[in-house]
Amino acid sequence: MNALDQTLFAAINAGSPSWDKTAWVAYVAARYVVLLIPLHLAILWLAGTHYVRRQALTLASALLIAIAISFAIGALFPTPRPFLIPLGHQLIAHRESPSFPSNHGLVMFTYAAAMLALRHWRHAICIGIAGLIVAWSRIYLGIHFPLDMIGALILAIGATWMARSIDRRFGRSATLLLERGFEQAIVRTTLWVIRGRG
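The sections below set out a description of the structure shown in this document. (Residues numbered from 1 in each chain as written. Predicted model: local features only at pLDDT ≥ 70, side-chain atom pairs only at ≥ 80, totals over all residues. Heavy atoms only, no water.)

## Some thoughts on the packing of helix H5 (residues 103-117) against helix H6 (residues 121-140)
And step 1. Two numbers describe how H5 lies on H6: the axes approach to 8 Å, and their chain directions differ by 165°. Overall, the two elements H5 and H6 adopt an arrangement that is roughly antiparallel. Viewed along their axes, H5 and H6 form a crossing whose handedness is left-handed. Two secondary-structure elements touch here, H5 through His104, Met108, Phe109, Tyr111, Ala112, Met115 and Leu116 and H6 through Trp121, His123, Ala124, Ile127, Gly128, Ala130, Gly131, Leu132, Val134, Ala135 and Arg138.
And step 2. Its residues placed into classes, the contact of H5 with H6 shows 13 nonpolar, four polar and one charged. (Axes fitted to C-alpha atoms, helices over the stretch in contact; angles between N-to-C directions. Helix = DSSP H or I, 4+ residues; strand = E, 2+ residues; numbered from the N terminus. Parallel < 35°, antiparallel > 145°, perpendicular 65-115°, else oblique. Left-handed = near helix turned anticlockwise from the far one by under 90°. Contact = heavy atoms within 4.5 Å. Nonpolar A, V, L, I, M, F, W, Y, C, P; charged D, E, K, R; others polar.)

## Things to note about the pattern of salt bridges
And step 1. If you walk through the whole model with that rule in mind, you get three salt bridges.
And step 2. With a closest N to O distance of 3.6 Å, glutamate 179 and arginine 53 form a salt bridge. Taken together, the residues span a long stretch of sequence, with glutamate 179 in helix H7 (residues 146-197) and arginine 53 in helix H4 (residues 50-76) at a distance of 126 residues. The burial state of glutamate 179 is the same as that of arginine 53; both residues are buried. (Salt bridge = Lys/Arg side-chain N within 4 Å of Asp/Glu carboxyl O. Buried < 20%, exposed > 50% of the residue type's maximum accessible area, 1.4 Å probe, protein only.)

## Regarding the nonpolar core
And step 1. Counting residues in hydrophobic clusters, the biggest one holds 32 residues, and the most contacted among them are Ile37, Leu59, Tyr111 and Ile127.
And step 2. Only helix H3 (36-47), H4, H5, H6 and H7 provide two or more residues apiece to this core.
And step 3. Apart from residues no more than four positions distant in its own chain, isoleucine 37 is found in contact with Leu63, Val107, Met108, Tyr111 and Ile127.
And step 4. The next biggest cluster of nonpolar side chains, apart from the first, holds 10 residues, and it includes Ala26, Ala30, Leu91 and Ile92. (Core = buried A, V, L, I, M, F, W, Y, C linked by side-chain atoms within 4.5 Å.)

## Focus: the packing of aromatic side chains
And step 1. Using the criterion set out here, one finds seven aromatic pairs in the structure.
And step 2. A centroid spacing of 6.2 Å and a plane angle of 80° characterise the contact between tyrosine 27 and tyrosine 32, whose relative ring orientation is edge-to-face.
And step 3. Relative accessible area serves as the criterion here: at 21%, tyrosine 27 is assigned to the partly exposed category.
And step 4. The cationic tip of arginine 53 hangs over the ring face of tryptophan 45; the distance from NZ or CZ to the ring centre is 5.0 Å. (Phe/Tyr/Trp six-rings, centres within 6.5 Å; stacked < 30°, edge-to-face > 60°. Lys NZ or Arg CZ within 6 Å of the ring centre and 35° of its normal.)

## Focus on the side chain of arginine 53
And step 1. Accessibility expressed as a relative area gives 11% for arginine 53, which makes it buried.
And step 2. Each residue touching arginine 53, except ones within four places of it in the same chain, is listed here: Leu44, Trp45, Leu46, Gly48, Thr175, Glu179 and Phe182.

## Here's the deal with H4
And step 1. Compared with the 39 Å implied by 1.5 Å per residue over 27 residues, the 39 Å span of H4 between its first and last C-alpha is a close match.
And step 2. Burial in H4 covers these residues: Arg53, Gln55, Ala56, Leu57, Thr58, Leu59, Ala62, Leu63, Ile65, Ala66, Ser70 and Gly74. (Expected span 1.5 Å × (residues − 1).)

## A look at the environment of leucine 41
And step 1. Here leucine 41 is to be found in helix H3.
And step 2. You can call leucine 41 buried: its relative accessible area is 16%.
And step 3. The spacing of leucine 41 and leucine 57 is 16 residues in sequence and 8.6 Å in space, taken between C-alpha atoms.
And step 4. Leave out the neighbours within four places in its chain, and leucine 41 touches Ala56, Leu59, Ala60, Leu63 and Tyr111.

Next up, the structure:
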């Protein structure tokens, strides 16, 4: 952690440990906005065509790659969160996991980057803005540094590139395989329910 990171953190972090309207906005953004990503992915898969499902698979692959790399970074090069130093004001409780990179920021930025790579410009812009709000909120609440978010953004771009490369080689066959497995699971579940009620 460098002096610039500390300076930026001090500028964004809550000025006091007391709760106000800004803190509540930050809390909602930090806790719940990220949940829209798996919800959107589920909708794409359940309601989408084969082409849409292939894109959903690319989005999911980018997220899995990003999270796996983030876990490896955290395990190999763990960095303390602001409240462990201690520095600034911590407004919400958080476990003592590695701070860099931010997984919440990573999910948002990866999804935005993947949407951009898939040429869904409006979705990418909306999710990117939401990602910036999530990044701000988690710094404001005292559980991340700005550098954690910058690292998440850089990692998101790399994970998206990797996911697109995988899709070009295996996307069609992987989507067909998953679709067949999904359809079989639906059929088996339906039969199990019918037999159970019979």
